[in-house]
Every structure is written in C-alpha cells, then in structure tokens.
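Summary of the model geometry
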Amino acid sequence: MATGPYDAVMTIEFQTPDALRGAIGTHLGFGDWVEITQERIDLFAEATGDRQWIHVDPERAKDGPFGSAIAHGYLTLSLAPVYLGEVLVVQGTTMGVNYGCNKVRFPAPVPVGSNLRLGAAVAGAEDVAGGVQVMLDLTFETEGSTKPSCVAQVVYRYFR
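Residues numbered from 1 in each chain as written. Predicted model: local features only at pLDDT ≥ 70, side-chain atom pairs only at ≥ 80, totals over all residues. Heavy atoms only, no water.

On average, residues of the protein carry a pLDDT of 94, and 95% of them reach 70 or more. Contacts of residues 1–5 to residues separated by more than four positions or lying in other chains number six contacts, the stretch itself having pLDDT below 50. (pLDDT = per-residue confidence, 0-100. Contact = heavy atoms within 4.5 Å.)

See the structure below:
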C-alpha cells in the first residue's frame, strides 16, 4: 500500500453538527484502502441494471480502453456514505441525511482488483431548519493512480 501523510486512518469526531463550522477548509484525512472486486461490480450492475461489458465482462474488457473491467462511476460514488464514516463522525444529532451533490466528476477509472479510499474536506456549513447543512469535498483515490477516480462535493444535513 502507498505511504503518505494521510495513511494513518483516524476518524475525526465532532460533538455537535455546529462544530463542523470550525472545520471549514480542513482536510479530515482518508479512510482505509478497500479492494474493489468483480463481485462488488457485478452486484452493483445487477442492482442498477447497468450491465455494460466494460464493467461485467472481464475477458472482453481486457481488450477495451482500460485493459480490464472497471467499476461503475456511480458505484464509486455510492460508497461515500459508508466510507465517510471512517473519516468523520458527527455526534449530537437525531438524524443525518444525504441531501445531494453539487458536483461530481470521474477523472480516472477504478480497475477491478484495485484499492480505493475516500478522503474528505469540509467545504462549508450553514444553518437549515432544525440543523446544519454541510458541504464536503470528497476525493476517491485509486492506489497507484496519479489522478483521483472520483471527486464530488456532497451535501449532508445533520439535524439536532
């Protein structure tokens, strides 16, 4: 596995949603590396109906543009709520909801068998009725790639 300044996984805990305001502009670190298996890709294809050969036919994909099958971009993005919990925990809430995305891009593929991790930075926070809306800049890195596999600004609402 790669080594660098964010290799020690450490979950940052905020005691209240309001405390996220003090972290605006702060990179919170990265979660653990997770292997993206063909089984996971196949399950995602089955769940979504997106069975494009570049994802689900490893033999054909060997001759494709990436040299192997790759994960769906939306599979990568769908991992955000799960893996974000390795980076960020917000206490003092009655509920947290995924409110959406402001921007999503998939600059590089995630080849089957590769390791992926998620990093997060607090981009903004504002009051909403009953809580705080937080914008997080997420970066999904594939081990060994020079470009991120997914960058997204996601919006969560944490209710008090």
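Next comes the rest of the description.
Now for the nonpolar core. Counting 34 residues, the largest nonpolar core has Leu-20, Leu-84, Leu-88, Leu-118, Val-134, Leu-136 and Leu-138 as its most contacted members. Listing elements by their share of this core, those giving two or more residues are α1 (38–48), α4 (73–78), α5 (80–84), β4 (88–90), β6 (115–128), β7 (131–142) and β8 (150–159). Filtering out sequence-adjacent residues up to four positions away, Leu-136 remains in contact with Leu-84, Leu-88, Ala-121, Val-122, Ala-123, Ala-152, Gln-153, Val-154 and Tyr-156. (Core = buried A, V, L, I, M, F, W, Y, C linked by side-chain atoms within 4.5 Å. Buried < 20%, exposed > 50% of the residue type's maximum accessible area, 1.4 Å probe, protein only. Helix = DSSP H or I, 4+ residues; strand = E, 2+ residues; numbered from the N terminus.)

Counted residue by residue, β6 has eleven buried out of 14 residues, so it is predominantly covered. With three bridges joining them, strand β2 (residues 27–30) and β6 adopt antiparallel strand pairing. Paired with Phe-30 across the two strands is Gly-119, which belongs to β6. When strand β3 (residues 34–35) meets β6, the two strands line up antiparallel, connected through two bridges. Counterpart to Val-34 in the pairing with β6 is Leu-116. Pairing of β6 with β7 involves twelve bridges; the strand directions are antiparallel. Bridge pairing in β7 links Leu-118 to Phe-140. Between β6 and the antiparallel strand that follows it, β7, lie two residues; Gly-130 among them carries a positive phi value of about 85°. (Pairing = 2+ DSSP bridges.)

This part takes up the pattern of salt bridges. What the rule picks out here adds up to seven salt bridges. Arg-160 serves as the salt-bridge partner of Asp-18, at 2.8 Å between the closest nitrogen and oxygen. Residue Asp-18 is found in the loop between β1 (12–14) and β2, and its partner Arg-160 is found in the segment after β8; the two are separated by 142 residues along the sequence. Close ionic contact of Asp-127 with Arg-21 constitutes a salt bridge, the shortest N to O distance being 2.1 Å. Within this pair, whereas Asp-127 is found in strand β6, its partner Arg-21 is found in the loop between β1 and β2, the two being separated by 106 residues in sequence. For Asp-127, a relative accessible area of 55% translates into the label exposed. (Salt bridge = Lys/Arg side-chain N within 4 Å of Asp/Glu carboxyl O.)

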